[in-house]
Amino acid sequence: MLRWSINRFCAGEEKRVGTRTVFVGHRPVSETDAYVEQKFCDNRIVSSKYTVWNFLPKNLFEQFRRIANFYFLIIFLVQVIVDTPTSPITSGLPLFFVIIVTAIKQGYEDWLRHRADKEVNKSSVFIVENAKQVKKHSEKIKVGDIVEVKADETFPCDLIFLASSNDDGICYVTTASLDGESNFKTHYAVRDTTGLRTDDDIDSLTATIECEQPQPDLYKFVGRINIYRRNQEPVARSLGPENLLLKGSTLKNTKKIYGVAVYTGMETKMALNYQGKSQKRSAVEKSINAFLIVYLCILVSKATVCTTLKYIWQSNPFNDEPWYNQKTIKERDMFKILRMFTDFLSFMVLFNFIIPVSMYVTVEMQKFLGSFFIAWDKEMYDEEIKEGALVNTSDLNEELGQVEYVFTDKTGTLTENSMKFIECCIDGHKYKDGISEVDGFSHTDGPLKYYGKAEKCREELFLRALCLCHTVQIQEGDNVDGLRVNQECRTYIASSPDEIALVKGAKKYGFTFLGHEADYMKVQNQKNEIEKYQLLHVLNFDPVRRRMSVIVKTSTGKFLLFCKGADSSMFPRVQQDEIQQTKVHVERNAMDGYRTLCVAFKELTQEDYKKINDQLSEAKMALQDREEKMARIFDDIETDMHLIGATAVEDRLQEHAAETIEALQTAGMKVWVLTGDKMETAKSTCYASRLFQTNTELLELTTKTMGDSDRKEDRLHELLLEYHKKLLPDFPKNSGKLKRSWTVSQEYGLIIDGSTLSLILNPSQDSSSSNYKSIFLQICLKCTAVLCCRMAPLQKAQIVRMVKNTKGNPITLSIGDGANDVSMILEAHVGIGIKGKEGRQAARNSDYAVPKFMHLRKLLLAHGHLYYVRIAHLVQYFFYKNLCFILPQFLYQFFCGFSQQPLYDAAYLTMYNICFTSLPILAYSLLEQHINIETLTSDPRLYMKISDNAMLQWKPFLYWTFLGAFEGLVFFFGVYFLFQNSSLEDNGKVFGNWTFGTIVFTVLVFTVTLKLALDTRFWTWMNHFVIWGSLAFYVFFSFFWGGIIWPFLKQQRMYFVFAHMVTSVSTWLAIVLLIFISLFPEILLVVFKNAKRKNHQVRNERIYHNTSLVWKRRFRSSKHLTNFEVAMHHLHLGRGCLPLIVSFLHVPKKVKKC
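Everything numeric in this text was worked out from a predicted model, so none of it was measured. (Residues numbered from 1 in each chain as written. Predicted model: local features only at pLDDT ≥ 70, side-chain atom pairs only at ≥ 80, totals over all residues. Heavy atoms only, no water.)

1. Some remarks on the overall build of the protein chain
Applicable threshold: Elements are defined by DSSP. Helices are runs of H or I of four residues or more, strands are runs of E of two residues or more, and each kind is numbered from the N terminus. Accessible surface is estimated by sampling points in the Shrake-Rupley manner with a 1.4 Å probe; for residues, cover comes only from the protein chains shown.
Helix and strand content of the protein chain: 38 helices and 38 strands. Only carbon and sulfur atoms are counted for the fraction: they give 58% of the accessible area of the protein chain, which is about 54600 Å².

2. Details of a nonpolar patch on the surface
So the rule is basically this: Without a salt bridge and with relative accessible area above 30%, a residue can belong to a patch; like charges are then joined within 9 Å and nonpolar side chains (Val, Leu, Ile, Met, Phe, Trp, Tyr) within 5 Å. The salt bridge definition used is simple: a Lys or Arg side-chain nitrogen within 4 Å of an Asp or Glu carboxyl oxygen. The buried label applies to any residue whose accessible area, calculated with a 1.4 Å probe on protein chains only, is under 20% of its type's maximum; exposed applies above 50%, and partly exposed to all values in between.
On the surface, a cluster of nonpolar side chains totalling about 540 Å² of accessible area is made up of Phe-966, Leu-1073, Phe-1076, Ile-1077, Phe-1080 and Leu-1084. Broken down by element, the nonpolar patch gets its largest block of residues, 5 residues, from helix α36 (residues 1065-1117). Of note, Leu-1084 is situated in helix α36. Here Leu-1084 falls in the partly exposed class, since its relative accessible area comes to 47%.

3. Some details on the packing of helix α13 (residues 456-468) against helix α14 (residues 497-508)
In a packed pair of helices, the relevant descriptors are the angle between the two axes and the axis-to-axis distance. The test is simple: With axes taken as lines fitted to C-alpha atoms, and helix axes fitted only over the stretch in contact, angles between N-to-C directions fall between 0 and 180 degrees. An angle below 35 degrees is read as roughly parallel, one above 145 as roughly antiparallel, one from 65 to 115 as roughly perpendicular, and any other as oblique. For any pair of crossing helices, the crossing counts as left-handed if the nearer helix is rotated counterclockwise from the farther one by less than a right angle, and right-handed if it is rotated clockwise. Throughout, a contact is declared for two residues whenever any of their heavy atoms are within 4.5 Å. The residue classification treats Ala, Val, Leu, Ile, Met, Phe, Trp, Tyr, Cys and Pro as nonpolar and Asp, Glu, Lys and Arg as charged. All others, Gly included, are polar.
Here α13 crosses α14 at 140°, and the two axes come no closer than 8 Å. The angle between the axes of α13 and α14 places the two elements in the oblique class. Taken as a pair, α13 and α14 cross one another with a handedness that is left-handed. Residues Leu-463, Leu-466 and Cys-467 of α13 form the contact with α14, whose participating residues are Leu-502, Val-503 and Ala-506. Across the contact of α13 with α14, the residue classes tally to 6 nonpolar, no polar and no charged.

4. So, the confidence of the model for the protein chain
Spelled out, the test is: Confidence of the prediction at every residue is given by pLDDT, a number between 0 and 100.
With 82% of its residues at a pLDDT of 70 or more, the protein chain shows a mean pLDDT of 79. No element of the protein chain has a lower mean pLDDT than strand β21 (residues 483-484), at 34, and none a higher one than strand β13 (residues 256-263), at 93. Per-residue pLDDT stays below 50 along residues 478-487; that stretch engages in 8 contacts with residues further than four places along the chain or on separate chains. Here residues 731-744 is modelled with pLDDT under 50, and outside its nearest four sequence neighbours on either side it reaches 25 contacts, counting other chains as well.

5. Description of the sheet that holds strand β10 (residues 235-239)
Rules: Between any two strands, at least two bridges found by DSSP are needed for them to pair.
Read from one edge to the other, the open sheet built from 4 strands follows the order β1-β8-β9-β10, with strand pairing classed as antiparallel. In the strand order of this sheet, the two ends are held by β1 (19-23) and β10, each with one partner. The sheet shows a mean angle of 20° between the axes of neighbouring strands, taken without regard to direction.

6. Some remarks on unusual backbone geometry
Even without a glycine there, the phi angle at Asn-130 is positive, about 55°. Tracing the chain through its elements places Asn-130 in the loop between β2 (124-129) and β3 (132-137). Backbone geometry at Asp-427 places phi at a positive 55°, although glycine is not the residue there. In this structure, Asp-427 sits in the loop between β16 (415-426) and β17 (429-432).

7. Some details on the pattern of salt bridges
With the rule as written, the count across this model stands at 41 salt bridges. Measuring nitrogen to oxygen at the nearest pair gives 2.6 Å for the salt bridge that ties Asp-192 to Arg-237. Of this pair, Asp-192 sits in the loop between β7 (181-188) and α6 (199-203) while Arg-237 sits in strand β10, and the two are 45 residues apart along the sequence. Owing to a relative accessible area of 21%, Asp-192 belongs among the partly exposed residues under this scheme. Of the charged contacts, one joins Glu-531 and Arg-464 as a salt bridge, the two residues approaching to 2.8 Å between their closest N and O atoms. Of this pair, Glu-531 sits in strand β25 (residues 530-542) while Arg-464 sits in helix α13, and the two are 67 residues apart along the sequence. Each member of the pair Glu-531 and Arg-464 is classed as buried. When salt bridges with common partners are traced through the structure, they connect Arg-547, Arg-573, Asp-635 and Glu-638 into a single cluster.

8. Quick notes on the environment of Leu-296
Tracing the backbone shows Leu-296 in helix α8 (residues 283-313). Placed 59 residues apart in sequence, Leu-296 and Ile-355 show a C-alpha to C-alpha distance of 7.1 Å. Every residue in contact with Leu-296, bar those within four places of it in the chain, is listed here: Tyr-71 and Ile-355.

9. Looking at helix α25 (residues 793-804)
The condition is simple: An expected span of 1.5 Å times one less than the residue number is assigned to each helix.
Its 12 residues place the ends of α25 17 Å apart at the C-alpha level, agreeing with the 16 Å of an ideal helix rising 1.5 Å per residue. Among the residues making up α25, those that are buried are Gln-795, Lys-796, Ala-797, Ile-799, Val-800, Met-802, Val-803 and Lys-804.

10. Looking at the state of the cysteines
Using the following cut-off: The definition used for a disulfide is geometric: two cysteine sulfur atoms within 2.5 Å.
One pass over the full model with this rule turns up 0 disulfides. Considering cysteine sulfurs only, Cys-896 is the nearest to Cys-306, which forms no disulfide, with 8.6 Å between them. Distance from the sulfur of Cys-686, which forms no disulfide, to the nearest cysteine sulfur (Cys-789) is 8.9 Å.

11. Some thoughts on the side chain of Lys-310
Rules: Throughout this description, a polar contact denotes any pair of N or O atoms lying within 3.5 Å of each other; where both atoms belong to protein, one of them has to be capable of donating a hydrogen while the other can accept it, and for residues adjacent in sequence the pair is counted only when both atoms sit in side chains.
Note that Lys-310 resides in helix α8. Classification of Lys-310 by relative accessible area gives buried; the value is 9%. One polar contact links Lys-310 to Asp-343, side chain to side chain, over a distance of 3.2 Å. Discounting chain neighbours no more than four positions away, the residues touching Lys-310 are Asp-343, Phe-347, Phe-898 and Gln-900.

12. Let's talk about the pairing of strand β6 (residues 170-175)
Of all 6 residues in β6, 6 are buried, a share of seventy percent or more. Residues Ile-170, Tyr-172 and Thr-174 point to one face of β6 and Cys-171, Val-173 and Thr-175 to the other, with burial holding for every one of them. Two strands pair when backbone bridges link them, and β6 and strand β12 (residues 250-252) are joined in this way by 3 bridges, in the antiparallel orientation. Across the sheet, Thr-174 pairs through a bridge with Thr-250, a residue of β12.

13. Section: a positive patch on the surface
Cut-off, in case you're wondering: The charge count includes Lys and Arg as positive and Asp and Glu as negative, but it does not include His or the ends of the chains. Where a charge lies is defined by one atom per residue type: Lys uses NZ, Arg uses CZ, Asp uses CG and Glu uses CD.
On the surface, a cluster of positive charge is made up of Lys-945, Arg-1017, Lys-1089 and Arg-1093. Owing to a relative accessible area of 45%, Lys-1089 belongs among the partly exposed residues under this scheme.

14. Structural notes on the nonpolar core
Heads up, the condition is: We define a nonpolar core as any set of buried Ala, Val, Leu, Ile, Met, Phe, Trp, Tyr and Cys residues linked to one another through side-chain atoms lying within 4.5 Å.
Residues Val-875, Phe-885, Tyr-904, Tyr-908, Phe-1001 and Leu-1004 are the most contacted members of the largest nonpolar core, which totals 95 residues. Among the elements that take part in this core, helix α28 (residues 855-893) stands out by supplying 18 residues, more than any other.

15. What about the sheet that holds strand β32 (residues 748-753)?
Read across the sheet, 9 strands follow the order β14-β36-β35-β34-β15-β30-β33-β32-β31 without closing on themselves; strand pairing throughout is mixed. Of all strands in the sheet, those with a lone pairing partner are β14 (390-391) and β31 (697-701), marking the two edges. Across 4 bridges, the pairing between strand β15 (residues 405-408) and strand β30 (residues 670-674) is parallel. In the sheet register, Phe-407 faces β30, and the bridge partner there is Trp-672. Running over the sheet, helix α22 (residues 712-727) touches β31 and β32 and is turned about 155° from β31.

16. Brief notes about the UniProt feature "active site" (unreviewed entry) in the protein chain
To keep things clear, this is the line we draw: UniProt positions are given in the numbering used here, feature names are shortened, and annotations may be inferred rather than shown by experiment.
Sequence positions flagged by UniProt for "active site" (unreviewed entry) are, in local numbering, Asp-409. Residue classification places Asp-409 among the buried positions, given a relative accessible area of 4%. In this view, Asp-409 contacts Leu-414, Leu-674, Thr-675, Lys-796, Ile-815, Gly-816, Asp-817, Asp-821 and Met-824; residues no more than four positions away in its chain are not counted. At 3.4 Å, the side chain of Asp-409 forms a polar contact with the side chain of Lys-796.

What follows is the structure, given as structure tokens:
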């Protein structure tokens, strides 16, 4: 919304459809044409929300959109307009305090944004004008300006790359500030402009750029440049993402570049990506709203009861108009209905403090300050990347303690995404480690290991394919005294670690990729000869095709197409008689958990290449639907290929990934793996990560189980019904939600692939069954673990949405590390990004980001558990203490003729929630650890105790409500019975109604504060300071407020009341006694819980001791024990389930005494 409002003020703002034409250097195409300056948005960045003029109205409007703030504004206005029993200050001051604190916080944050914007907008840049460099502020850049950027500088706007200091027109950039990727990315200038490396040369360029209107996708750009030369036909070249230098990126390893500005200011891709993600609401917020409705009903009920009873009381004329309080003429002439409505509003004002307005600001402060504890956690800091956890959204802290389903990616999330070349097969022959030179491959690693041998020409063709079919770049080592350092200093740079692993694998076997030289790729073969291949076209990888190709021209003039990709996308496109010999190796490698790729080639004739080149050139020049046209051409080119072989690359499991999954399952969470990998590879990873146990029965809904028949939907229906029938009897129907438990007779796991999922989610119209989805969902929910393989990014989001919208709306969490995981991260209730090697798109779009998957354990089991307990206690405590506060005020009306006489002084009404009781609960909600963090992390079962929003259900809410009502009754009637003799001193001096209210208020403040002290399990100096400090402040304030005659007060009704009150011994005794009676149920509950906990510990120790004695006697007296007895003894000693399994698998029926 901010961006659109800003762009409305940009002169000539175009609609974001069609294309735009940019004149390079603001020069017309022809000397005879007059140049008309175009109207585009300037280069100012505006990320701030407010200005000096609109801050007050805009901020107030936003704050009063909140229901609680608007409610208290109405109450305040009623107090101002209607003659109410309390001063408008009592509700106005707390409301204004909340509004002012929030406004200061938001204003300060916006001031920081203003300062950052000014720093960016006023930075210096160099623009080439009339063959000279002109220094300007960044905000002065216009679309069409030619900008010079030097090494390590940041691009001030989105530029089309024209030329660089390098002869080959290449530059390297990092996009860490955009997507978090710290690796170098290579960008290319159009070959017609690479020679323009000076100010004079670049100023002589006459060209226009036609490109799409601004859009936020960082990885898409469509355009073309038309270059005009004297007496020559204009030359048109296509422009893509590789030619666009994005604002926020940094130039690296290149002295300087020239570029022309195409998108500026708020139209740059970086600015367009400022748009906020959809707001996610936590379950706690929904509970707060439900509780507010209940308390609002209580408030209305109280006001209605008091209004009704007032008029019943006043039905007696003496009570309506006593002799000492005659009505005025205005009061007598007022309509009775109007008087009743006014009285109702007055009672609403009198009791309105039952609604805790300060709770909202306390909750916001708790969430904001509490999020720092995640970022400060040293155990979640990764030494390798020198980064810790990151909190992008503090609104969902407590949601981390309520997760029921975890959806995780595999590659880079469960695994390291650190690829190592393991083996390959060529024409069905397996090659592992090195093969001797006489056998074809140079012997570099380990002993001789090969299994048969392909023809030498096929071996070399395969290795050349690995060296050529990729997008790897080489970062050379530094020069030393003018000499180039040896080849070992070369560093491979690629967007995917798979490609680097394959290039290194080829190098291990004697073929080394040496990099690019102009349009040529250089390869060193086994004989140390340099081979050059002209790179004609790159058919880039995309997740839909799942393959990539290159077209190269050899030194002999041959045209070759090399292609690599997933087996599912390659096998249908190669000769069918070549598949079987390679397929065996691919499936075996997948079973071993390796990532596999198939490699194929095709030789093109001159005519074939000419046709392909014309098609690609035409598609690249298209400004509309370029990607769709390119995809169709790629599909036509990559057919009738010849399969050469396949590769196997290992992606090791992340450290402690298996233990983390096991802990999450023990905590009652169901873990689903959603991956694009092969089923066999993903299944092997699931076993290694303990998602599937050895006793888990796997149910498959895959292409293999569906068969090749035309009636796939009928077969799918049969399988769904079969699995449904098998699962449902094994799981009893209970009212509660099913949690993972080792007591279940049989565990089931489900495996489904993307094509089968499409049949389930999108059945054909003529399908006989339309309930696939509901049956499938029931099966999934009954399984302990689910593996979804061959998933497209959109399908991942569909799976998450399907589970999220089931009955009960379970809390879902998605975790991933790549751009393909963003959709499911945004879809889930809580999104976690891994700061991995596939870029930082996932981390940027997530609610929380962690360095490794293992950090999820502490994030959920410790931080999530504590945050939920803290904020749940905070919410319940606020409603409880406000009920304690207002109930005596309600009861007091029965004893004052429903005259709306306040029980408490206005200062106490105002300060109760702001000063006297606010800091202790805030400190509690930030620091409390009812169970220490080590215990929470080591015992995941504790997580289940707070599942299903357990602490904010109606049962605990009613407990807190009845506790508040009980204590409110004790406060009022305890002091009431004390005042049966209103003379509390020996001298017979009578205490008044303000003393009565002050005693009630004193008991109230001490009781609710000490209640919090009783609930505190983790004491720090800050807890002591705020709890005892708040009580001391109340006493000090009471003395101070009643010890001075305040000139601005009309009535000095509290003068010396508190000081006089504390001189009475009976008052002291009453206060202490009433505090004790109020807290007595809580004290009994604490004592009972501690006794029960100690008895439980003693009983467990006694059982353990007796069991140990039994086992010792048996081992001493018995010569033989059964396998089961030995295994149970191991289990008893805490050695885990492994000896149990081994004992059952052991062949002999008896084993000798250990």
